[in-house]
Amino acid sequence: MVLPGSCLHTIFRERARRAPESIALSTSTQTMSYRELDARSDRLAGRLTELGVGPDVLVGLCARRSPEAIVGMLGILKAGGAYVPIDPAYPAERIEYLLADSAAPIVVAAKDTAKVIGGRHASVVWIEGDEVVADTAAMKPGDSRRRSEATGDDLAYVIYTSGSTGRPKGVAVEHRNVVRLFEQTAAWFHFDHRDTWALFHSLSFDFSVWEIWGALLYGGRLVLLPEMTSRSPALLTALIRSEEVTVLNQTPSAFHQLLTVMFAAKNGDEGSADTTLRLVVFGGERLEPRMLAPWVDRHGDRRPALVNMYGITETTVHCTYRRITSADVQSNGASPIGVPIPDLRVYLMDGDGNSVPDGVPGEMYIAGGGVTRGYLNRPALTADRFVSAMTEKGRERLYRSGDRAVRLPDGELAYLGRVDDQLKVRGYRIEPGEIEQCLSETSGVARAVVTPRDFGGGDVRLVAYLLPAGGADADDGARLVAAAERHALTKLPRHLRPSVYKVVTEIPMTLQGKVDRDALGK
């Protein structure tokens, strides 16, 4: 299926032209039509164009899941720029890092984030309802010769992912990367104007790209979840029913919590699992199909369809597709991730870069239309992870994922885990080195090691092990933990903060001289 345009905003404009009175956005208190969303984002785009925004100009976007966030996103894209999401829930130091690293000349911000972003950037365009107010103190008029209309090869967004060196890295994604994602998966999902999507994830997590544009590129409705609803399975269950959501996207951990609430009541009671869902898409972390047994026992595996999609920010949200069946739920095998999206190719290679035969585990290298431009201002890292290699297609540009998989006899892929120490917890890709470096800055901590721990039922949390700089008794240990918790609170976003802290007398090592993370949990 070919969408009507090469850029996200041009396709949206066409949807708005064809059905202007259709509802584009819903919250608990208001709705916004495609016509109104188009008009509001046009006003913002005009102001940003006057201020010099054009193709490949990065613009910060600081907003919660609100109409202002979507107006801001569309306005930035219509001006030709690329948005850099900045979650207002992030600690101040993290926000300042993103602003400095991206060097975005302008920030678009919702008025309700004034306490977060105010005073941290010289050039802010504030949006609230119909209002677009620019703080022009440090702005200069734009170059009238600048090409303001983006093309498919221009940047759409830069999303930051966790960095192994302790510094997050921005992934630069072009319009064409996202548009082809929906074109190439259309035959599987059949999205259209009758779908209602829930925006469950933060704009800083690329699952939100799938949620937002899955609705707006097809003329559907996007329901914006308050943070409280996204954190409460009971409230989310009620919203899915009341808003008649048809497409839900979840990490396995989040869905497991949702299952607990949906099946808490008996059949026919208010807490029952009956919904209008036609599709549940899993992503962000490893799926163990057995966790879906209660759902499949009640609903079967046909409606809603349950789909597992492996993906990476660097290859544009999703890479593979696997419809989960009742047979999968009964299996004890590896996590099935299925087949590549039609315009992608997944190669499995050993440590020397040689292809491995079917049935032999290897590192996943991805090629094709989803492979992004690379890392913002990180040429060495880009060269290391985005490599050129000869394949059966000739010389291709590949992304070296760091994930291990095996190709099964039927040609499908099964996910095996990370090659390195990178983690996925509650859908977020996490480099433990970033958290460890932060915690090691705490006075009295000689070293910190962070590992995931399953507390049962798919509840995976981060555990931090702290090695004191000197001997520590019980009181010293409690003080050290308290200091580390305070430091994490001021330095790290919520999803990077450990849930449990433990003081240890030594850090166990493997024979290869690496931290024995498995031994730490015993």
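This structure is a prediction, so every number in the text was calculated from the model and none was measured. (Residues numbered from 1 in each chain as written. Predicted model: local features only at pLDDT ≥ 70, side-chain atom pairs only at ≥ 80, totals over all residues. Heavy atoms only, no water.)

**Details of the pairing of strand β18 (residues 362–368)**
Burial analysis of β18 places 6 of its 7 residues in the buried class, which makes it a mostly covered element. When β18 meets strand β21 (residues 394–407), the two strands line up antiparallel, connected through 5 bridges. For I366, the partnering residue across the bridge sits in β21 and is Y399. (Buried < 20%, exposed > 50% of the residue type's maximum accessible area, 1.4 Å probe, protein only. Helix = DSSP H or I, 4+ residues; strand = E, 2+ residues; numbered from the N terminus. Pairing = 2+ DSSP bridges.)

**Observations concerning the sheet that holds strand β26 (residues 460–468)**
Read from one edge to the other, the open sheet built from 3 strands follows the order β25-β26-β27, with strand pairing classed as mixed. The strands lining the two open edges of the sheet, one partner per strand, are β25 (445–454) and β27 (500–503). Taking each pair of neighbouring strands and ignoring which way they run, the sheet shows an average axis angle of 25 degrees. Strand direction decides the pairing type here: β25 and β26, joined by 9 bridges, are antiparallel. The residue bridging V450 from the neighbouring strand is A464, located in β26. (Axes fitted to C-alpha atoms, helices over the stretch in contact; angles between N-to-C directions.)

**Section: the packing of aromatic side chains**
As enumerated under the stated definition, the model contains 18 aromatic pairs in all. With a centroid separation of 5.8 Å and an interplanar angle of 65 degrees, the aromatic rings of F191 and Y218 are classed as edge-to-face. Within this pair, whereas F191 is found in the loop between α6 (175–189) and β10 (196–199), its partner Y218 is found in the loop between α7 (207–216) and β11 (221–224), the two being separated by 27 residues in sequence. As far as burial versus exposure is concerned, F191 and Y218 are alike and both buried. The residue whose ring lies beneath R94 is Y90, and the NZ or CZ to ring-centre distance is 5.6 Å. (Phe/Tyr/Trp six-rings, centres within 6.5 Å; stacked < 30°, edge-to-face > 60°. Lys NZ or Arg CZ within 6 Å of the ring centre and 35° of its normal.)

**Let's talk about helix α10 (residues 252–262)**
By the burial criterion, the buried members of α10 are P252, S253, A254, F255, L258, L259 and M262. Residues of α10 that are buried in the fold lie against α9 (233–242), β12 (247–250), β13 (279–282) and α11 (293–299). (Contact = heavy atoms within 4.5 Å.)

**Let's talk about the packing of α9 against α10**
Angle between the axes and distance between the axes are the two parameters that describe a pair of packed helices. Packing of α9 against α10 leaves a shortest axis separation of 9 Å and a crossing angle of 75 degrees. With respect to α10, the axis of α9 lies roughly perpendicular. Here P233, A234, L236, T237 and I240 of α9 come into contact with α10, specifically with Q257, L258, V261 and M262. (Parallel < 35°, antiparallel > 145°, perpendicular 65-115°, else oblique.)

**Some words on unusual backbone geometry**
Between R303 and P304 the backbone carries a cis peptide bond, its omega angle lying at 0 degrees. Secondary-structure assignment places P304 in the loop between α11 and β14 (305–308). Phi is positive for E244, close to 55 degrees, though the residue is something other than glycine. Summarising the element assignment, E244 is placed in the loop between α9 and β12.

**Some points on the packing of helix α1 (residues 8–18) against α6**
One can describe the packing of α1 onto α6 by two numbers: an axis separation of 9 Å at closest approach and a directional angle of 50 degrees. With respect to α6, the element α1 is oriented oblique. Here L8, H9 and I11 of α1 come into contact with α6, specifically with H175, V178 and V179. Residues of the contact of α1 with α6, tallied by class, amount to 4 nonpolar, 2 polar and no charged. (Nonpolar A, V, L, I, M, F, W, Y, C, P; charged D, E, K, R; others polar.)

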